[in-house]
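Below, each chain spelled out in residue letters.
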Amino acid sequence: MTALQHVKLGTYYMVHLPEADDFDFWRERARALVQCDVPPDRVAWVEPGGSGDLFAHGERRMPVPPIDAKPVRANRRFVSLARNAILHSDPERFALLYRLLWRLQSNPRMMEDKADPDVRRVEELDKNVRRDSHKMHAFVRFRLVESEDEEVSEHYVAWFEPEHHILRANAGFFMRRFSNMRWSILTPRGSLHWDTETMSEGPPAERHDAPGGDPMEDLWRTYYASIFNPARLKIGAMLKEMPKKYWKNMPEAALIPDLIAGAQGREAKMVEKGALEFEERPDTLAAIDKAIHGCRKCPIGQLDNHAVMGEGPQDAALMIVGEQPGDQEDQTGRPFVGPAGQLLDAHLEKVGIDRRAAYVTNAVKHFKYVQRGKRRLHQNPGAKEIDTCRWWIESERAIVKPKLVLAMGASAARGMLGKTVSISKVRGAPIPLEDGSELWVTAHPSYLLRLDGPAREEQARLFDADLAAVRARLEELA
Ligand code: URA
């Protein structure tokens, strides 16, 4: 890592950034400069490897903000755009962000001005960076290499060429997704190494440092062929999503012409395809948690999301099952923390069920969505996806052994029973389960959220009545 330098030259300040993606460093320096009233045209931001020739005369230290300096204003929108935009490869990004921060002090609503060229530019940088990260999530391909270390049986190496400084920012994504694999991602901007416990960084690499052409490629091809959904084939959209420039690192790209040609026949086969096979059932909640993060048995696991594990006491008498994590659950990694979760909490409290004593989980472990601009819109999981994910909910149930399971909504009920039931027909009475426990079915709280007026009141009343019946039954079973 380069030593940090910040030098004042005459009336100009030169800030040397230690890393091209160091937001915290930029923020700290930018704050001090704003507090010292240094206008944007008197600051040069120099990233590693960059030169500060423009201001190469005179030298002074960074100014120290006065003790009574005003706090620096930066709204949430600015901070979230800036965090991402700083990863862009445009050398002007630091200056742009400083200019925005400077202007925000006198115009706090500036970020809302969609016509402002600086605001537009930062939004564009943010978009480019998000797109680059999305491509990285989708197109990194690991190849198995022989390890020199005898203790290490398998090491997977991937080569990727990001357009921006996104490598470090995406380390967590790959760590969670491939947590029990030993892997390295090599890029011309640096490398990441994960040994199943710790992450380390390495220097930039070259294409020939990464392997190419081995049995893993066959695996990828098989895998890709199995997730390729002929029913949704749209060639134009596919090429947009998977630009040809990424194809050279993707063994399965060789399959694309054949897949397109055989799409119709495969569609019929897919419909007939039976249940998927799994390995041995995990016997601890921690093992399930680990395993679901690697689960790619259905297309939901291919999206840019994180698995969300159930939470609550391992010996809970009550298991509450929802449909799938939503946007906020996906981001926080916890079930029922978003709007549906808050409504659920309120109803549980009203009828006297302590959520902390229950094990709360979902029928489907990953968030299914469609991207609309910046928003991820919830999509209902299909019957096949729910059935595939039953493996996990059953594994959780085998460990927690609840006396009573409350399934909220049709997807949760299907996750428990393996068949679709009508909520209005089955609610309010127990359904015996094969292990002697019982299932109660009610509506999903997000159904209530979609209603208003008398319809909402009526459904809330039914929901409370179902919860109250569950509470009474739990007391009988205690
Ligand atoms: N909806 C669900 O079904 N589950 C969650 O965890 C959140 C919302």
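Residues numbered from 1 in each chain as written. Predicted model: local features only at pLDDT ≥ 70, side-chain atom pairs only at ≥ 80, totals over all residues. Heavy atoms only, no water.

Caption draft 1: Representation of the sheet that holds strand β6 (residues 155-159) within the structure. Across the sheet, 5 strands lie side by side as β5-β6-β7-β8-β9; this open sheet has mixed pairing. The sheet is open, and its two borders are formed by β5 (142-145) and β9 (199-202), each paired with just one other strand. On average, each strand axis in the sheet is tilted by 25 degrees relative to the strand beside it, whichever way the strands run. (Pairing = 2+ DSSP bridges. Helix = DSSP H or I, 4+ residues; strand = E, 2+ residues; numbered from the N terminus. Axes fitted to C-alpha atoms, helices over the stretch in contact; angles between N-to-C directions.)

Caption draft 2: Highlighting the site of the ligand. Every residue close to the ligand is listed here: G322, E323, Q324, P325, E329, P335, F336, N362 and H444. At a separation of 2.7 Å, a nitrogen atom of the ligand approaches a polar side-chain atom of N362. In isolation the ligand has 230 Å² of accessible area, and contact with the protein removes 93% of it. When atoms are counted within 2 Å of each cavity's grid points, the one that captures over half of the ligand is the second largest pocket. Within the shell around the ligand, the residues separate by chemical class into 3 nonpolar, 4 polar and 2 charged. (Near = heavy atom within 4 Å. Polar contact = N/O pair within 3.5 Å; in protein donor to acceptor, adjacent residues only side chain to side chain. Areas by Shrake-Rupley, 256 points an atom, 1.4 Å probe, with all protein chains shown as cover. 1 Å grid on protein atoms, 1.4 Å probe; cavity = no way out; pocket = protein on both sides within 12 Å on 5 of 7 lines; lining within 4 Å. Sits in = over half its atoms within 2 Å of the grid points. Nonpolar A, V, L, I, M, F, W, Y, C, P; charged D, E, K, R; others polar.)

Caption draft 3: Looking closely at the pattern of salt bridges. By the definition in use, this model includes 34 salt bridges. One connected set of salt bridges, linked through shared partners, spans E19, D21, R168 and E201. (Salt bridge = Lys/Arg side-chain N within 4 Å of Asp/Glu carboxyl O.)

Caption draft 4: Up close: the pairing of strand β2 (residues 12-16). Most of β2 sits out of view: 4 of its 5 residues are buried. Of the pairings in the sheet, the one linking β2 to strand β3 (residues 43-46) comprises 4 bridges and is parallel in character. Across the sheet, V15 pairs through a bridge with W45, a residue of β3. A crossover connection joins β2 to the parallel β3 through helix α1 (residues 23-35); in handedness this β-α-β unit is right-handed. (Buried < 20%, exposed > 50% of the residue type's maximum accessible area, 1.4 Å probe, protein only. Right-handed = clockwise from strand over helix to strand, strands pointing away.)

Caption draft 5: Looking closely at empty space enclosed by the protein. Enumeration over the complete set of coordinates arrives at 2 cavities of 30 Å³ or more. The calculated volume of the largest cavity comes to roughly 110 Å³. Lining the largest cavity we find 14 residues, and of these C295, C298, H366, C389 and W392 sit closest to its centre. If you tally residues by element for the lining of the largest cavity, the top one is helix α13 (residues 383-400), at 3 residues. In this model, the second largest cavity occupies a volume close to 60 Å³. For the second largest cavity, the full set of lining residues is F173, R176, R177, H293, R296, N305, H306, A307 and H366. Ranked by residues supplied to the lining of the second largest cavity, first place goes to helix α5 (residues 171-177) with 3 residues. Residues of the lining of the second largest cavity, tallied by class, amount to 2 nonpolar, 4 polar and 3 charged. (Points joined across faces, edges and corners; volume = space filled by probe spheres on them.)

Caption draft 6: Just the pairing of strand β10 (residues 318-322), in detail. Counting buried positions over the 5 residues of β10 gives 5, a clear majority of the element. Burial along β10 is two-sided: L318, I320 and G322 facing one way and M319 and V321 facing the other are all buried. In terms of strand pairing, β10 meets strand β14 (residues 404-408) through 4 bridges, oriented parallel. Pairing of I320 across the sheet is with L406, part of β14. In this sheet, strand β11 (residues 359-362) lies alongside β10 in parallel orientation, the contact comprising 4 bridges. Across the sheet, residue I320 finds its bridge partner in β11, namely V360.

Caption draft 7: Representation of the nonpolar core within the structure. Formed by 52 residues in total, the largest nonpolar core has its most connected members in W26, W45, F78, F142 and W183. Two domains share this core, each providing at least three of its residues, namely domain 1 (6-130) and domain 2 (140-209). The next biggest cluster of nonpolar side chains, apart from the first, holds 33 residues, and it includes L285, C298, C389 and A413. (Core = buried A, V, L, I, M, F, W, Y, C linked by side-chain atoms within 4.5 Å. Domains from an automatic or database assignment.)

Caption draft 8: Summary view of the packing of α13 against helix α14 (residues 410-417). Remark: α13 packs on α14, axes separated minimally by 8 Å, with the N-to-C direction vectors making an angle of 65 degrees. Between α13 and α14 lies a crossing of right-handed hand. Across from A383, I386, D387, R390, I393 and R397 in α13, the residues of α14 making contact are S411, R414, G415, M416 and L417. A class-by-class count of the residues in the contact of α13 with α14 yields 5 nonpolar, 2 polar and 4 charged. (Left-handed = near helix turned anticlockwise from the far one by under 90°. Contact = heavy atoms within 4.5 Å.)

Caption draft 9: Examining the environment of A472 more closely. Topologically, A472 is positioned in helix α17 (residues 453-477). Between the C-alpha atom of A472 and that of I353, which follows or precedes it by 119 residues, the distance is 9.9 Å.

Caption draft 10: Summary view of α13. The end-to-end C-alpha separation of α13 is 25 Å, in line with the 26 Å expected for 18 residues at 1.5 Å each. Of all the bends in α13, the greatest, near 35 degrees, is centred on C389. Of all 18 residues that make up α13, 13 are buried, and the element is covered over most of its length. Where α13 terminates, the next one or two residues include K401, which has phi positive at roughly 50 degrees. (Expected span 1.5 Å × (residues − 1). Bend = angle between axes of the 7 residues up to and from the residue.)

Caption draft 11: Molecular detail of helix α12 (residues 339-351). An ideal rise of 1.5 Å per residue puts 18 Å on 13 residues; α12 measures up with 19 Å between its terminal C-alpha atoms. Here α12 has its buried residues at A340, G341, L343, L344, H347, L348 and V351. Summarising the axial view, the buried residues of α12 lie within an arc of 160 degrees, below the 170-degree limit, and thus occupy one face. In α12, the exposed positions that point more than 90 degrees away from the buried face belong to Q342, E349 and K350. Taken together, the buried residues of α12 touch β10, β14, α16 (445-449) and α17. Directly after α12, the chain includes G352, whose backbone phi takes a positive value near 85 degrees. (Arc of directions from axis to C-beta.)

Caption draft 12: The arrangement of the side chain of D466 in detail. Here D466 lies in helix α17. In this structure D466 touches R427, G428, V441 and T442, once residues within four positions along its chain are discounted.

Caption draft 13: Molecular detail of the packing of aromatic side chains. Applying the stated criterion to the full structure yields 9 aromatic pairs. With 6.5 Å between their ring centres and 45 degrees between their planes, W26 and F78 make a pair best called tilted. Taken together, the residues W26 in helix α1 and F78 in helix α2 (residues 76-85) connect sequence positions 52 residues apart. Assigned by exposure class, W26 and F78 land together as buried. Seen from their ring centres, W391 and W392 are 6.5 Å apart, and the 75 degrees between their planes marks the pair as edge-to-face. Of note, R281 hangs over the ring of W391, and the distance from its end group to the ring centre comes to 4.1 Å. (Phe/Tyr/Trp six-rings, centres within 6.5 Å; stacked < 30°, edge-to-face > 60°. Lys NZ or Arg CZ within 6 Å of the ring centre and 35° of its normal.)

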